[in-house]
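# Remarks on the overall topology
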Amino acid sequence: MTAQINRRSLLGLGASLGITVKFLGSQAFAATEGDLARKKLVVVICRGGMDGLSVSPPVGDANYANLRGSIALKPDQVLKLDDTFGLHPELKAVHALALKGEARIAPAIASPDRARSHFEAQDVLETGAAHVYGTETGWLNRTLEALAPVRKVEGLSVGTTAPLILRGKIQAASWSPGKGVDETARLPTLLQDLYRNDPMLGPAFARGLETETMAQTAMTALSATPAMNIAAASTPTKPGAARMSPTMANDRQNRAGGEAARKLGSTLGGFMIQAGGPQIAAISLDGFDTHAGQPGQIATRLSYMDAVLDGLHAGLGAEWKNTVVIAVTEFGRTARVNGTGGTDHGTASTGLVLGGALKKGGGVIGDWPGLADNALFENRDTAPTLDMRGLFKGVLADHIGVDRAILERKVFPDSAAAKPVTGLV
């Protein structure tokens, strides 16, 4: 028997996760009508500069393995999409959706920004402006404002603070994950951005992060949870008793993190299927700045994202068929591996587009420039071939029903060169 989901049960589930749920405005659960009122959009911001060549490794590109060196994935390690691309092995749920025609990649997507600064690039991504600090409001909030004269559409932000993408004239609900839900991953990203041009502090901080990553791995292997630590310290091991191996402890910790991430996604989906609930949501996932020791770090972050997306898919249930999810990052990373087993700030990355509302049979979104030396942007990065504003405009027009003229004039001003991506839904 399936339990009916209602507002009270969702609030209870939020409390069990240590999540504070706050709805702003009395109309958050008012009834809505019309086919467009069922359409849903979720934007996932992967902060830190997510490495597109890890998300969708182009193992069929003749230059990939040489550029990536020790961090390259082999063709038999990836989850195959086509003769050129696969998905990272931790993106199992995304791959399952891709096989059903419900997930696609945009392997060379970027914002108009080329500064490679987290602060500036995230500003451009979230405001939708043509240049940094071009406006103080987010493009999702301007979308809500554009739809207001036509119909009431609710927005929801997930995180401790409302992201810029949903700030503006229209009130949006906020949902703040409590302790235990990915709460510390962003600080290293901000510090790396501050130190990146310092010839002494930059390399030192990168080395420190590498050491910290190894320390966390070792500590995780020693103890799966704080409670287990206490038990191990206070309870003597009985003769003949089996000990938990470091690998078992690490696997247990990873499973716990995956379960929390999946519950995070399913709870978000539960909010969105309420009558009159939010049609538009934005969620931030941190920790994608991988200057050192990238393979382990990116695997952890992509596993977390995959679990969130898997949970969202499950939580939406039948409403998945009315949903589009877009996962993007502020910039990609260098095509070449650096000296500490990581990559540095780059330009184009991979965007993910998922949802039951997608047309079946679609392939790669945008052109793939290749990784030949003469094809790299500034001889270092994957070259951008798709302006992410074009992807956003196409989805907002064809899926959410925003008037194209308003998109050009109000939501994404000065974006005429970013042609809408059509035919996705």
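Everything discussed here concerns the structure shown above.
Right, let's walk through the structure included here. (Residues numbered from 1 in each chain as written. Predicted model: local features only at pLDDT ≥ 70, side-chain atom pairs only at ≥ 80, totals over all residues. Heavy atoms only, no water.)

### Section: the overall build of the protein chain
When helices and strands are tallied, the protein chain shows 13 helices and eleven strands. Out of the 425 residues in the protein chain, the part that is buried amounts to 51%. Look at the contacts in the protein chain between residues 6 or more apart in sequence, and 75% of them connect residues 24 or more apart. Here the protein chain displays about 19000 Å² of accessible surface, and carbon together with sulfur accounts for 55% of that area. (Helix = DSSP H or I, 4+ residues; strand = E, 2+ residues; numbered from the N terminus. Buried < 20%, exposed > 50% of the residue type's maximum accessible area, 1.4 Å probe, protein only. Contact = heavy atoms within 4.5 Å. Areas by Shrake-Rupley, 256 points an atom, 1.4 Å probe, with all protein chains shown as cover.)

### Here's the deal with the pattern of salt bridges
What the rule picks out here adds up to 17 salt bridges. One salt bridge connects Lys-40 with Glu-319, and the closest N-O pair in it is separated by 3.2 Å. Of this pair, Lys-40 sits in strand E2 (residues 40-46) while Glu-319 sits in the loop between helix H11 (294-316) and strand E9 (323-329), and the two are 279 residues apart along the sequence. Glu-319 carries the same exposure label as Lys-40, and that label is buried. (Salt bridge = Lys/Arg side-chain N within 4 Å of Asp/Glu carboxyl O.)

### Quick look at the pairing of E9
When you tally the buried positions in E9, you get seven out of seven residues, the bulk of the element. Alternating positions in E9 separate into two faces, Thr-323, Val-325, Ala-327 and Thr-329 on one and Val-324, Ile-326 and Val-328 on the other, with burial throughout. Looking at chain direction, E9 and strand E10 (residues 349-354) are connected through three bridges and run antiparallel. Each residue of the ladder has a partner; that of Val-325, found in E10, is Leu-354. (Pairing = 2+ DSSP bridges.)

### Considerations on helix H6 (residues 139-147)
With nine of its nine residues buried, H6 lies for the most part within the structure. Along H6, the residues classified as buried are Trp-139, Leu-140, Asn-141, Arg-142, Thr-143, Leu-144, Glu-145, Ala-146 and Leu-147. On its buried side, H6 packs onto E2, helix H5 (118-127), strand E6 (155-158), strand E8 (280-285), helix H12 (388-400) and helix H13 (404-411).

### Thoughts on helix H4 (residues 92-99)
If you check which residues of H4 are buried, you get Ala-93, Val-94, His-95, Leu-97 and Ala-98. Of the residues trailing H4, Gly-101 is marked for its positive phi of about 80°.

### Looking at the side chain of Thr-143
Here Thr-143 lies in helix H6. Within the structure, the side chain of Thr-143 is placed 2.8 Å from the backbone oxygen of Trp-139, a separation counted as a polar contact. The residues contacting Thr-143, other than those within four sequence positions of it, are Ile-280, Leu-396, Val-402 and Val-411. (Polar contact = N/O pair within 3.5 Å; in protein donor to acceptor, adjacent residues only side chain to side chain.)

### Some remarks on the environment of Glu-120
Here Glu-120 shows up in helix H5. Separated by 210 residues in sequence, Glu-120 and Glu-330 have C-alpha atoms that sit 8.8 Å apart. Excluding anything up to four places from it in sequence, Glu-120 contacts Asp-113, Ala-115, Val-132 and Tyr-133.

### With respect to the packing of H4 against H11
Look at H4 against H11: their axes get within 7 Å of each other, and the N-to-C directions meet at 50°. Taken as axis vectors, H4 and H11 run oblique relative to one another. In contact with Lys-92, Ala-93, Val-94 and Leu-97 of H4, H11 contributes Asp-306, Leu-309, Asp-310 and His-313. (Axes fitted to C-alpha atoms, helices over the stretch in contact; angles between N-to-C directions. Parallel < 35°, antiparallel > 145°, perpendicular 65-115°, else oblique.)

### Some points on the packing of aromatic side chains
A complete count under the given rule lists five aromatic pairs for this structure. Ring centres of Phe-85 and Trp-368 lie 5.1 Å apart, and the angle between their planes is 80°; this geometry places the pair in the edge-to-face category. With Phe-85 in the loop between strand E3 (79-80) and strand E4 (86-87) and Trp-368 in the loop between E10 and strand E11 (386-387), this pair connects stretches of sequence that are 283 residues apart. The class of Phe-85 is buried, set by a relative accessible area of 4%. Aromatic pair Trp-139 and Phe-412: ring centres 5.3 Å apart, planes at 40°, arrangement tilted. (Phe/Tyr/Trp six-rings, centres within 6.5 Å; stacked < 30°, edge-to-face > 60°.)

### Regarding the pairing of E10
Regular strands place side chains that alternate from one sheet face to the opposite one. Of all six residues making up E10, six are buried, and the element is well covered by its neighbours. Here strand E5 (residues 103-110) runs beside E10; their pairing, made up of five bridges, is antiparallel. Within E10, the position partnered with Arg-104 by the bridge is Val-353.

### Here's the deal with the environment of Lys-74
Its location among the elements puts Lys-74 in the loop between helix H3 (64-68) and E3. Judged by its relative accessible area of 51%, Lys-74 is exposed.

### Regarding the side chain of Thr-267
Its location among the elements puts Thr-267 in helix H10 (residues 246-272). For Thr-267, the side chain forms a polar contact with the main-chain oxygen of Lys-263, separated by 2.7 Å.

### Considering unusual backbone geometry
Its identity is not glycine, yet Arg-116 carries a phi of approximately 60°, on the positive side. Summarising the element assignment, Arg-116 is placed in the loop between E5 and H5. With relative accessibility at 13%, the residue Arg-116 sits in the buried group. Phi at Asn-379 is positive, roughly 60°, even though this residue is not glycine. Residue position: Asn-379 is located in the loop between E10 and E11.

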